[in-house]
Amino acid sequence: MTRADAVIYHNPECGTSRNTLALIRHAGIEPCVIDYRRDPPTRERLIALIRGAGLSVRDALRQKGTPYMQLGLDDPSLSEDHLLDAMLNHPILINRPFVETAMGVRLCRPSELVLDILPRVTLPFTKEDGEVVIDEFGRRVR
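Residues numbered from 1 in each chain as written. Predicted model: local features only at pLDDT ≥ 70, side-chain atom pairs only at ≥ 80, totals over all residues. Heavy atoms only, no water.

Undergrad: Whenever I open this one, helix α2 (residues 43–52) confuses me. Can you help?
TA: A turn of α-helix holds 3.6 residues, and therefore any two residues three or four places apart point the same way. Residues of α2 that are buried: Leu 46, Leu 49 and Ile 50. Taken around the axis of α2, the buried residues stretch over an arc of 95°, which confines them to a single face. On its buried face, α2 sits against β1 (6–10), α3 (80–89), β3 (98–101) and β4 (104–107). Note on α2: the residue one or two positions beyond its end, Gly 54, has a positive phi of about 75°. (Buried < 20%, exposed > 50% of the residue type's maximum accessible area, 1.4 Å probe, protein only. Helix = DSSP H or I, 4+ residues; strand = E, 2+ residues; numbered from the N terminus. Arc of directions from axis to C-beta. Contact = heavy atoms within 4.5 Å.)

Below, the structure written as structure tokens:
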């Protein structure tokens, strides 16, 4: 596979994002890595990622460690346009990591969801916290 075969919207400070990136590389793919905090997607691209993953805009909104509450984003009456504006003005509000491959788009929380859009991985894989994702028999544990 080539670099264009996978794109990850990544936060290197996030363990889930690091584990997702490691799983992609474990599958033999060197993805295009985008630090979405420095280089956020366009509005159109963000909408495409959210829709491609089968989520609502609110589902793609990160609360923990963000200005979510300060911005009043917990108000259920806010429109998707308002939420998208907030995400584009404060990229840390974009939940991560989003991954896109030829097999689809996923918000990879937990990180092993990326396996749904990668070629079958049979080599054992363990997350940085010691959790086994693929066992010694090549079986997905979760």
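Undergrad: Explanation requested: the pairing of strand β2 (residues 32–35) in the structure shown.
TA: Look at any regular strand and the pattern is simple: side chains alternate between the two faces of the sheet. Bridge analysis of β1 against β2 gives four bridges, and the strand direction is parallel. Paired with Ile 8 across the strands is Val 33, a residue of β2. (Pairing = 2+ DSSP bridges.)

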